[in-house]
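As a plain string of letters, each chain reads:
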Amino acid sequence: FFEGRDITEVPPHQIAKLGIARTFQNIELFENASMLANLLVGRHCHATTALWQDMLFMPSVRRAEKEHRHKVEEVIEFLDLQAYRDKIIAGLPYGVRKVIEVARALCSEPKLILLDEPTEGLAPVIVQQIGRTIQQLKAQGYTIVLVEQNFRFAQTLADRHFVIEQGRVVDMIPNAELDANIDKLHAYLGV
């Protein structure tokens, strides 16, 4: 459910229009396109022009493209990705690609961001960068659901921790109550 609506059967492109964006555990960027092109893909849910207008590059298409580029540039600035604007994704380091996935999600102007294992396989310095990015997003009012097996990383960011077993939430522990629930955590996570 999202904003009181069952979205179980809603197609992914419609979910994006509702305001939900996500990143993937395995990076899902267009490898042979530039970072800028990948970020513009994140704007697809805001497309308002018809195919025939696009083909003729009508004035409405030009105005929309300027607006999309402006929004993308704001995200590039926010995440300090200017150095990669015209770089092809295939030539970029893994950690930068992870940040670009977050950037593409932001380009859709989401209400809710789902981050699936954003630190998997990353060097500690990049994990810290991802952590700072998530803190910035929280400070800007974004709602974030973080699926993360690196508990120490999640602990520094989360307001609440949910324990999920076989697809069901079996417990919720507010971050402020973690110390009081240490035995419960050891049962879930192991010592």
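Provided above is the structure to which this section pertains.
Let me begin by describing the structure that accompanies this report.

Cut-off values and rules
Residues numbered from 1 in each chain as written. Predicted model: local features only at pLDDT ≥ 70, side-chain atom pairs only at ≥ 80, totals over all residues. Heavy atoms only, no water. Salt bridge = Lys/Arg side-chain N within 4 Å of Asp/Glu carboxyl O. Helix = DSSP H or I, 4+ residues; strand = E, 2+ residues; numbered from the N terminus. Buried < 20%, exposed > 50% of the residue type's maximum accessible area, 1.4 Å probe, protein only. Pairing = 2+ DSSP bridges. Axes fitted to C-alpha atoms, helices over the stretch in contact; angles between N-to-C directions. Parallel < 35°, antiparallel > 145°, perpendicular 65-115°, else oblique. Left-handed = near helix turned anticlockwise from the far one by under 90°. Contact = heavy atoms within 4.5 Å. Nonpolar A, V, L, I, M, F, W, Y, C, P; charged D, E, K, R; others polar. Core = buried A, V, L, I, M, F, W, Y, C linked by side-chain atoms within 4.5 Å.

## Focus: the pattern of salt bridges
Moving on, step 1. Under the defined criterion, the tally for this structure stands at 9 salt bridges.
Moving on, step 2. One salt bridge connects D116 with R22, and the closest N-O pair in it is separated by 3.9 Å. Here D116 is found in strand 2 (residues 112–116), whereas its partner R22 is found in strand 1 (residues 20–22), with 94 residues between them in sequence.
Moving on, step 3. On the basis of relative accessible area, R22 is assigned to the partly exposed category, the value being 42%.
Moving on, step 4. Measuring nitrogen to oxygen at the nearest pair gives 2.6 Å for the salt bridge that ties R43 to E109. Placement of the pair is R43 in the loop between helix 2 (35–41) and helix 3 (51–56) and E109 in the loop between helix 5 (94–107) and strand 2, with a sequence separation of 66 residues.

## Quick word on the sheet that holds strand 1
Through backbone hydrogen bonds, the strands of a sheet pair up, either in parallel or in antiparallel fashion.
Moving on, step 1. Reading across the sheet, the 3 strands line up as 1-2-3 and stay open at both edges, with parallel pairing between neighbours. The outermost strands of the open sheet, each flanked by one partner alone, are strand 1 and strand 3 (143–147). Sheet twist, expressed as the mean angle between neighbouring strand axes with direction ignored, is 15 degrees.
Moving on, step 2. Pairing between strand 1 and strand 2: 3 bridges, direction parallel. The partner of R22 across the bridge, within strand 2, is L114.

## So, the packing of helix 4 (residues 59–78) against helix 5
Moving on, step 1. The contact between helix 4 and helix 5 brings their axes to 9 Å, and the two run at 140 degrees. Taken together, the axis directions place helix 4 and helix 5 in an arrangement best described as oblique. Seen from above, helix 4 lies across helix 5 with right-handed handedness. Along its contact with helix 4, which presents V72, V75 and F78, the element helix 5 presents A103, L106 and C107.
Moving on, step 2. When the residues that make up the contact of helix 4 with helix 5 are grouped by side-chain class, the tally is 6 nonpolar, no polar and no charged.

## What to know about the nonpolar core
Moving on, step 1. Among the nonpolar cores identified, the biggest contains 28 residues, and M35, L39, I76, L79, L81 and I100 are the most heavily contacted of them.
Moving on, step 2. If near-sequence neighbours (up to four positions away) are discounted, L39 is found in contact with V72, I76, I100, A103, R104 and C107.
Moving on, step 3. If you look at the next biggest cluster of nonpolar residues, it comprises 5 residues, including F2, I7, V10 and I20.

## Section: the pairing of strand 4 (residues 160–165)
Moving on, step 1. When strand 4 meets strand 5 (residues 168–174), the two strands line up antiparallel, connected through 6 bridges. Looking at the pairing, V163 lines up with D171 of strand 5.
Moving on, step 2. Here strand 4 folds back onto strand 5, and the loop between the two strands holds 2 residues, one of which, Q166, carries a positive phi near 50 degrees.

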